[in-house]
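# Tertiary structure, described
The lines below spell out each chain.
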Amino acid sequence: MKTKMIITIIAVIAIAVVLPPALFGQNTTKSLQECIQSAIDNNLTMKSGRISIERAKDLQGTAFNIDKTSFSLSQDPTSGGSPDNSISLSQSFDFPTVYGSRRGLLKAETNLERSNLEVTRNELVKEISGTYYQLLYAKENVKILQEQDSIYSKFLFLANAKLKSGESGRLEQMNAERLYNENKIELLKAEKNYQSMQLTLQRWMNTEEYVEPAESALIALDAAYPFNDFNPEQTPLGEVYANKKIISEKNLSVIKQGYLPSFNFALKNQFLIKGFNPYDLQRERFDKGNFMGFEVGISVPLFFGEQRAKTKAAKREVEIARVQQEEVMLTMRKNYQTYLNEYTKAKNALDYYSLRGNKQAEDITRISQISYEKGEIDYIEYIQNLKTAVEIHLLYANAINDYNQTIIMLNYLQGNK
């Protein structure tokens, strides 16, 4: 008997040593919105997304990409004062509409990066919200088992007292001790689960501090949005695929510009190098000044085989983007309907435990404890009643958690408006 009690005390001390500081108040209290804001500010994926937007904005400056200016110096001692002895400057340009099409494509790519960032933010809000309420759920389980620990401790005390006074046998005392120790094990598991949720929340928030939820108990979320009003095209993911389709259309427009001509011009100026005359020819500058000239040209595509192939491929890309958009929208609608069904089931379970189940568990615990102390029920019935009450409390907490998680998923699919 003494040996078992010593082992129990050692186990309790070990639990206290390995528990995270968050369970002993050495933590930072934060609300859900504070956690979300902290994650948005510090999450590395969000930071990367913001940089990607700035990069896309920078690339918009490449829309007016003009070919390099060509500069040449020619000197032919056999050509006298011909234009071949000249400095020339030449430049080529695409058709003006090409630059507008490129700019439209680059703007669409910038919008896609913004949509991608919004998708990341939406997913981050979902993960933070889900983990936050999982943390509350884990905390509630710890609380239930701690309360049960107090009840089992009292039961063990009474069983020991009855054994010493000869009112009961060894079997009752052994069962009381077993229940007490088994509850300790379950309590340790619950506390470890709480610690795991803490680490998960820290990872999403990119922080090392332990977060204590602002709520003192596990609560059910409010269904803030009309869940039957769902338009996947107005969600962040819907906007991503809409922008992908726009990009494919803009890209097609840019490729079609390949059928248009391009322009080029050149300026030339006579240039004589007096010290360079290996054949000792008479070469003098014209007395009225240097000879100057210009050249203007147009490049017209005459062979369209490659261009037609590129245009056909770009049209296929537009069609692919449209089909992918339809597929994703259909999948989102089906997922939303699935979670609506889960929401209905979770709400029914929550309503039952809120209105009846949880109160019955409290009454079972209270009445059983009084009846056992008065000797009105034996320890077997008492043990069974205690187990039933604990199971109901845990099922009630699980019902709240399931309900909250379905709301979080519905909000996520709607875009956390």
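Residues numbered from 1 in each chain as written. Predicted model: local features only at pLDDT ≥ 70, side-chain atom pairs only at ≥ 80, totals over all residues. Heavy atoms only, no water.

## Brief notes about the overall build of the protein chain
Helix and strand content of the protein chain: eight helices and six strands. Split into buried and exposed, the 417 residues of the protein chain put 40% on the buried side. Considering only contacts in the protein chain between residues 6 or more positions apart, those separated by 24 or more positions represent 84%. For the protein chain, the accessible area works out to roughly 24000 Å², and carbon and sulfur atoms hold 55% of it. (Helix = DSSP H or I, 4+ residues; strand = E, 2+ residues; numbered from the N terminus. Buried < 20%, exposed > 50% of the residue type's maximum accessible area, 1.4 Å probe, protein only. Contact = heavy atoms within 4.5 Å. Areas by Shrake-Rupley, 256 points an atom, 1.4 Å probe, with all protein chains shown as cover.)

## Re the packing of aromatic side chains
The tally for this structure, following the rule as stated, stands at seven aromatic pairs. Their ring planes at 75° and their centres at 5.5 Å tell us that tyrosine 132 and tyrosine 133 sit as a pair that is edge-to-face. Judged by relative accessible area, which is 0%, tyrosine 132 ranks as buried. Between the NZ or CZ atom of lysine 126 and the centre of the ring of tyrosine 412, over which it lies, the distance is 4.5 Å. (Phe/Tyr/Trp six-rings, centres within 6.5 Å; stacked < 30°, edge-to-face > 60°. Lys NZ or Arg CZ within 6 Å of the ring centre and 35° of its normal.)

## What about the pattern of salt bridges?
Taken as a whole and assessed by the stated rule, the structure comprises 16 salt bridges. Note that glutamate 54 and lysine 57 form a salt bridge whose closest N and O atoms lie 3.7 Å from each other. Taken as a pair, glutamate 54 and lysine 57 lie in helix α3 (residues 44–59) at a separation of three residues, close to a single helical turn. With relative accessibility at 41%, the residue glutamate 54 sits in the partly exposed group. (Salt bridge = Lys/Arg side-chain N within 4 Å of Asp/Glu carboxyl O.)

## Description of unusual backbone geometry
Positive phi, normally seen in glycine, also occurs at asparagine 206, with a value near 55°. Among the secondary structure elements, asparagine 206 is positioned in the loop between α5 (170–205) and β4 (211–213). On the basis of relative accessible area, asparagine 206 is assigned to the partly exposed category, the value being 38%.

## As for a positive patch on the surface
A cluster of like positive charges, contributed by Lys256, Arg308, Lys312, Lys315 and Arg316, occupies part of the molecular surface. Looking at the positive patch element by element, the count peaks at four residues for helix α7 (residues 305–374). When you line up the elements, lysine 256 lands in helix α6 (residues 236–256). (Patch = residues over 30% accessible without salt bridge, like charges linked within 9 Å, V, L, I, M, F, W, Y side chains within 5 Å. Lys, Arg positive; Asp, Glu negative; His and termini not counted. Charge placed at Lys NZ, Arg CZ, Asp CG, Glu CD.)

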